[in-house]
Amino acid sequence: MSTPEKSYYPYYSPYDPCKPIKVKTYSTPPNLYLGFQPPNLPQFSPKEALRAGTLWKPLYDPYYSPYEKAKEGR
Amino acid sequence: MKQLPQDYYELLENLQAVDFVLVELTLYLDTHNDDTDAINQFNYYVKERKKIRKDIESKYGPLMQYGNSYSGNPWNWDDAPWPWQV
């Protein structure tokens, strides 16, 4: 349901001179699936929240560009 | 010029973390006006921030001015280090 990223596979012609891009990914942060934020979501501690970029655990989205190795964040 | 003790950075980081929590809670409470738990948490962190600010200002001088902080004697809010020099 709430995946940090989704991808699709564009069509590419065999006669395409350039190297085809086989898969394209796009970021889908959790807030897309949340709608109106319910109360009392689990929270980070202040220090962690500062690093994570959000106070609520379900909203945490470590954006990794598909090109850099998907570093395993918190 | 004298170097700042490590304690200064820790206190500033605590202040920054509490500030971030207050920003998040403010934005959350803008749309959830009657969430009493969040309001209680917000007030707790406001008190917390006041404590940290008083602690920092007692040790290292005023953080802000134009009436936001008490001043030392002599006037010292414009002494080094400025926020970008820290």
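The rules we used
Residues numbered from 1 in each chain as written. Chains lettered and ligands numbered in written order. Predicted model: local features only at pLDDT ≥ 70, side-chain atom pairs only at ≥ 80, totals over all residues. Heavy atoms only, no water. Helix = DSSP H or I, 4+ residues; strand = E, 2+ residues; numbered from the N terminus. Buried < 20%, exposed > 50% of the residue type's maximum accessible area, 1.4 Å probe, protein only. Contact = heavy atoms within 4.5 Å. Areas by Shrake-Rupley, 256 points an atom, 1.4 Å probe, with all protein chains shown as cover. Salt bridge = Lys/Arg side-chain N within 4 Å of Asp/Glu carboxyl O.

If you check an unreviewed UniProt entry, chain B appears there as Spore coat protein JB from Cytobacillus purgationiresistens.

By the naming in an unreviewed UniProt entry, chain A is Spore coat protein JA, taken from Cytobacillus purgationiresistens.

So, about the overall build of chain A. On a plain count of helices and strands, chain A comes out with 1 helix and 2 strands. N-terminal to C-terminal, the α/β element order of chain A is β-β-α. When the 74 residues of chain A are sorted by exposure, 19% land in the buried category. Sequence-distant contacts in chain A: of pairs separated by 6 or more residues, those separated by 24 or more amount to 27%. Taken as a whole, chain A presents about 5,700 Å² of accessible surface, with 61% of it coming from carbon and sulfur.

Residue and element names in this part refer to chain B. Applying the stated criterion across every chain, the model contains 6 salt bridges over all chains. Taking the shortest distance from any N to any O, the salt bridge between Lys51 and Glu48 comes out at 3.7 Å. Highlighted residues: Lys51 and Glu48, both in helix H2 (residues 36-60), separated by 3 residues, approximately one helical turn. Via salt bridges that share partners, Asp7, Asp55 and Lys59 belong to a single interconnected network.

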